Amino acid sequence: MFRPVHASILDAVVAHPEGISLNKLAKELRGRVSRSVLLREVRRMREMGLIIIGEDIKHKQRRIVSPREEVVEAVRTLEEWEVENLDEAVSYVRRMFHAYAEARKKVKNKLILEYMKHRIRARFSAILEAIK
């Protein structure tokens, strides 16, 4: 089951498509996700097929967390555009929903679709705040 903590972690991981160490990820999420919860949920998210955990070739004990390519592609379809008026907002929301509809046809992992919904909700909220 996709939970809000997964969205927070995935947002931070997606911001680093080349990968981020667990320690740096814990620092970025400090105050929002505890280290113990982070470690538990990162393992869970790997099992869910949302992220990849690899070894750092420079340091044997360091683990690198990266988003799966499917997640990166799903987020790319929801790229952010600037919204300055109501017409642009309506057009942008239409494009987001169209991108989600297309992803539903292609994406096999339902949890990636849940993450897309999270991103759409967050962006929609930001659009409502930006409309003048």
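Coordinates for the structure precede this section.
Residues numbered from 1 in each chain as written. Predicted model: local features only at pLDDT ≥ 70, side-chain atom pairs only at ≥ 80, totals over all residues. Heavy atoms only, no water.

## A short note on helix H1 (residues 4-14)
Most of H1 is tucked away, with eight of its eleven residues classed as buried. Of all the residues in H1, the buried ones are Val5, His6, Ala7, Ile9, Leu10, Ala12, Val13 and Val14. Elements that come into contact with the buried residues of H1 comprise helix H2 (22-28), helix H3 (35-47), strand S2 (51-56), strand S3 (59-67), helix H4 (69-76) and helix H6 (110-130). (Buried < 20%, exposed > 50% of the residue type's maximum accessible area, 1.4 Å probe, protein only. Helix = DSSP H or I, 4+ residues; strand = E, 2+ residues; numbered from the N terminus. Contact = heavy atoms within 4.5 Å.)

## Things to note about the sheet that holds S3
Spatially, three strands are ordered S1-S3-S2 in an open sheet, and the strand pairing comes out antiparallel. Each edge of the sheet is formed by a strand with only one pairing partner; in this case those strands are strand S1 (20-21) and S2. Here S1 runs beside S3; their pairing, made up of two bridges, is antiparallel. Bridged to Ile20 within S3 is Val65. Here H1 sits on the sheet in contact with S2 and S3, set at roughly 100 degrees to S3. In this fold H3 packs onto S2 and S3, with an angle of close to 115 degrees to the strand it touches most, S2. (Pairing = 2+ DSSP bridges. Axes fitted to C-alpha atoms, helices over the stretch in contact; angles between N-to-C directions.)

## Describing the packing of helix H5 (residues 86-106) against H6
In contact at an axis separation of 11 Å, H5 and H6 are set at 180 degrees when each is read in the N-to-C sense. One finds that H5 runs roughly antiparallel with respect to H6. Between H5 and H6, the residues in contact are Ala89, Tyr92, Val93, Met96, Phe97, Ala99, Tyr100, Ala103 and Arg104 and Leu113, Met116, Lys117, Ile120, Arg123, Phe124 and Ile127, respectively. Taken together, the residues of the contact of H5 with H6 sort by class into 13 nonpolar, no polar and three charged. (Parallel < 35°, antiparallel > 145°, perpendicular 65-115°, else oblique. Nonpolar A, V, L, I, M, F, W, Y, C, P; charged D, E, K, R; others polar.)

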